[in-house]
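# Structural characterization, general
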Amino acid sequence: MEKTKFIGIGGIKDTFKLNKIWGEFIVQEVGQSIEGQGWHAVVVYNPENNTSYGSAWPLWAYNIAKDCLLYSRKMELYYSIDPFGDNILHAYVTSTSV
């Protein structure tokens, strides 16, 4: 299986080639554990299918989601299967306001 390096803003993730799915999401909530080193939770909403997804995200993607929430911007995600933390390949802040 061919190994590819996917680069997301704020972090690099090594993975095997997967079917990439793209979507534009609205960040609804972000939060982290009291120590700040444990979990980093994000809830995103996909207006195309009226579905919300919540999970623990890697720190690099969490920081991008937090910026989207604070600056009222949509988030563009590339992911495999569903937009849960371990499936995120790329995360971007868009110029589109929510």
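Residues numbered from 1 in each chain as written. Predicted model: local features only at pLDDT ≥ 70, side-chain atom pairs only at ≥ 80, totals over all residues. Heavy atoms only, no water.

Right, let's get into the pairing of strand β3 (residues 21-32). When β3 meets strand β6 (residues 73-79), the two strands line up antiparallel, connected through five bridges. Bridging across to β6, Gly 23 finds its partner in Leu 77. Sheet topology note: the β3/strand β4 (residues 40-46) ladder contains six bridges and is antiparallel. Counterpart to Val 27 in the pairing with β4 is Val 44. (Pairing = 2+ DSSP bridges. Helix = DSSP H or I, 4+ residues; strand = E, 2+ residues; numbered from the N terminus.)

Per the stated rule, a full pass over the model turns up four aromatic pairs. Judged by centre distance (6.0 Å) and plane angle (65°), the rings of Phe 25 and Tyr 79 are edge-to-face. Within this pair, whereas Phe 25 is found in strand β3, its partner Tyr 79 is found in strand β6, the two being separated by 54 residues in sequence. Like Phe 25, the residue Tyr 79 is buried in the burial classification. Each ring, one from Tyr 53 and one from Phe 84, has its centre 5.6 Å from the other, and the planes form 75°; the classification is edge-to-face. With a gap of 31 residues between them, Tyr 53 in strand β5 (residues 51-56) and Phe 84 in the loop between β6 and β7 (88-97) connect regions that are remote in the sequence. Judged by its relative accessible area of 13%, Tyr 53 falls in the buried class. The structure contains a cluster of three or more aromatic residues connected by ring pairs, namely Phe 25, Tyr 53, Tyr 79 and Phe 84. (Phe/Tyr/Trp six-rings, centres within 6.5 Å; stacked < 30°, edge-to-face > 60°. Buried < 20%, exposed > 50% of the residue type's maximum accessible area, 1.4 Å probe, protein only.)

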